[in-house]
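# Summary of the model geometry
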Amino acid sequence: MERKLSEMKYEEEGVIKRIDPSLRQQITGMGIREGKEIKMMTKQPIKGPVVVTVDRSNTSIGLGLADKIVVEVAK
Amino acid sequence: MGQANVGKSVFFNRLAGARVAESNYPGTTVDYAKGRMLFEGRYVELIDVPGTFSLQPKDRAEEVAVKMLEEEKEALVICVIDASKVERGLYLTLEIIERGYPVIVALNMWDVAKGGNIKIEAKKLEQILGVPVVATVAIRGEGFKELVSRMGEAKPVDIEKVIENVKGSKAGTHR
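Read on for a plain summary of the structure. The shown structure was predicted, so the numbers you read here are calculated from the model rather than taken from an experiment.

Secondary structure summary: chain A contains two helices and six strands in total. Shown N-terminal to C-terminal, the secondary structure of chain A runs as helices and strands in the order β-β-α-β-β-β-α-β. What you see for chain A is a C-alpha radius of gyration of 11 Å, in line with the 11 Å of a compact globule of 75 residues. Considering chain A as a whole, with its 75 residues, one finds that 43% of them fall into the buried category. Expressed as a percentage of contacts within chain A between residues at least 6 apart in sequence, the contacts between residues at least 24 apart total 54%. With an accessible surface of roughly 4,200 Å², chain A has 51% of that area assigned to carbon and sulfur atoms. Of the side-chain charges in chain A, 14 are positive and 11 negative, and the distance between the mean point of each set is 2 Å.

Structure below.
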């Protein structure tokens, strides 16, 4: 099932499906790209950033960015 | 150059014998520091820059790093990569290679990668990139002799060549 990264729940895993081209440049350097496995680690309250694991390392992503990343969530 | 928290300042201090602030937090270095090191019998200038994810700066510290690189057209760039997060680090390295700088890659925190059971074929990476790749553990000074002795091998590489090499080596260095 496809879902926005910003709407993923704690400990959910999936594969990155689409990244809005406008933020691709900004985010590839962080190791986030299409086809990568991703796991939701923490969601900070009050529209705070999400923390995800990609390639065994944690990265925090602003909610605004996370809104523009689509993940195929594994059931 | 390298991403945040990969050990650039530890490198700087080791190589220049200087003491800029180091800490185990990303973003410790927000401005650049200059020092000198002995290289092939003469003193050369060494610059420590803030960490940056890419050459498209997203904050002030990243701007300093990118500006520094752009001002120092003759620079030889030591790309410090966290060996336990190779892919991330290679992105920046490739960008720097693309801009035509002679590069030497240091796979730092080699011990951490090993402890995490991450195997990196440094030799193969070296063949693909066409620049020297050295495994280091900066806080203990491991790999520095090799690093300094091989800095002279750093040379600009045509990015198209790298792309060819990647296509040529079907078995990648990571999954």
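Residues and elements named next belong to chain B. Here helix α1 (residues 8–16) lies mainly inside the structure; eight of its nine residues are buried. Burial in α1 covers these residues: K8, S9, V10, F11, F12, N13, L15 and A16. Against β1 (33–39), β2 (42–48), β3 (77–82), β4 (103–108) and α6 (144–150) lie the buried residues of α1. Within two residues after α1, G17 carries a phi angle of roughly 65°, on the positive side.

Our next topic: unusual backbone geometry. Positioned with a positive phi, A:D55 is a non-glycine residue whose angle comes to about 55°. Residue A:D55 is classed as partly exposed on the basis of its relative accessible area, which comes to 27%. One non-glycine residue, B:N5, adopts positive backbone phi at about 65°.

Residue and element names in this part refer to chain B. As a packed pair, helix α5 (residues 122–129) and helix α7 (residues 159–168) sit with axes 7 Å apart at the nearest point and diverge in direction by 130°. Comparing the axis directions of α5 and α7 gives the class oblique. Here Q127, I128 and L129 of α5 come into contact with α7, specifically with V162, N165 and V166. Its residues assigned to classes, the contact of α5 with α7 comprises four nonpolar, two polar and no charged.

What follows concerns the nonpolar core. Residues and elements named next belong to chain B. Of all hydrophobic cores here, the largest spans 31 residues; its most connected members are M1, V77, I96, V103, V105, L107 and L129. Among the secondary structure elements, those contributing two or more residues to this core are α2 (60–71), β3, α3 (86–98), β4, α5 and α7. Per element, the largest residue contribution to this core is five residues, and it comes from α3. Each residue touching V77, except ones within four places of it in the same chain, is listed here: M1, L69, I96, Y101, P102, V103 and I104.

A complete count under the given rule lists 20 salt bridges over all chains for this structure. Notably, a salt bridge pairs A:K36 with A:D55, separated by 2.8 Å at the nearest N-O pair. One end of the pair, A:K36, is in the loop between α1 (21–28) and β3 (37–43); the other, A:D55, is in the loop between β4 (50–54) and β5 (57–61), and 19 residues separate them in sequence. Several salt bridges converge on common partners, so that one network encompasses B:K123, B:E126, B:E146, B:R150 and B:E153.

Turning to the pairing of β4(A), a few remarks are in order. Residue and element names in this part refer to chain A. With respect to burial, β4 is a largely interior element, five of its five residues being buried. Summarising the sheet, β3 and β4 pair through four bridges and their orientation is antiparallel. Among the inter-strand pairings, M40 is bridged to a residue of β4, identified as V52. As consecutive antiparallel partners, β3 and β4 are separated by six residues, and within that stretch I46 has a phi angle of approximately 50°, a positive value. In the sheet, β4 pairs with β5 via five bridges, with the strands oriented antiparallel.

The next point concerns the packing of aromatic side chains. Residue and element names in this part refer to chain B. Inspection of every chain in the model, using the stated rule, returns one aromatic pair over all chains. Seen in terms of ring centroids, F11 and F144 are 4.8 Å apart; in terms of plane orientation they differ by 40°. Their pairing is tilted. With a gap of 133 residues between them, F11 in helix α1 and F144 in helix α6 connect regions that are remote in the sequence. Each member of the pair, F11 as well as F144, is classed as buried.

So, on to the pairing of β3(B). Residues and elements named next belong to chain B. For β3, the tally of buried residues reaches six of six residues, placing the bulk of the element in the interior. Alternating residues of β3 divide into V77, C79 and I81 and I78, V80 and D82, and every residue in both groups is buried. In this view, the connection linking β3 to its parallel neighbour β4 by way of α3 has right-handed handedness.

Quick notes on the rules
- Residues numbered from 1 in each chain as written.
- Chains lettered and ligands numbered in written order.
- Predicted model: local features only at pLDDT ≥ 70, side-chain atom pairs only at ≥ 80, totals over all residues.
- Heavy atoms only, no water.
- Helix = DSSP H or I, 4+ residues; strand = E, 2+ residues; numbered from the N terminus.
- Rg over C-alpha atoms; globule rule 2.2 N^0.38 Å.
- Buried < 20%, exposed > 50% of the residue type's maximum accessible area, 1.4 Å probe, protein only.
- Contact = heavy atoms within 4.5 Å.
- Areas by Shrake-Rupley, 256 points an atom, 1.4 Å probe, with all protein chains shown as cover.
- Lys, Arg positive; Asp, Glu negative; His and termini not counted.
- Charge placed at Lys NZ, Arg CZ, Asp CG, Glu CD.
- Axes fitted to C-alpha atoms, helices over the stretch in contact; angles between N-to-C directions.
- Parallel < 35°, antiparallel > 145°, perpendicular 65-115°, else oblique.
- Nonpolar A, V, L, I, M, F, W, Y, C, P; charged D, E, K, R; others polar.
- Core = buried A, V, L, I, M, F, W, Y, C linked by side-chain atoms within 4.5 Å.
- Salt bridge = Lys/Arg side-chain N within 4 Å of Asp/Glu carboxyl O.
- Pairing = 2+ DSSP bridges.
- Phe/Tyr/Trp six-rings, centres within 6.5 Å; stacked < 30°, edge-to-face > 60°.
- Right-handed = clockwise from strand over helix to strand, strands pointing away.

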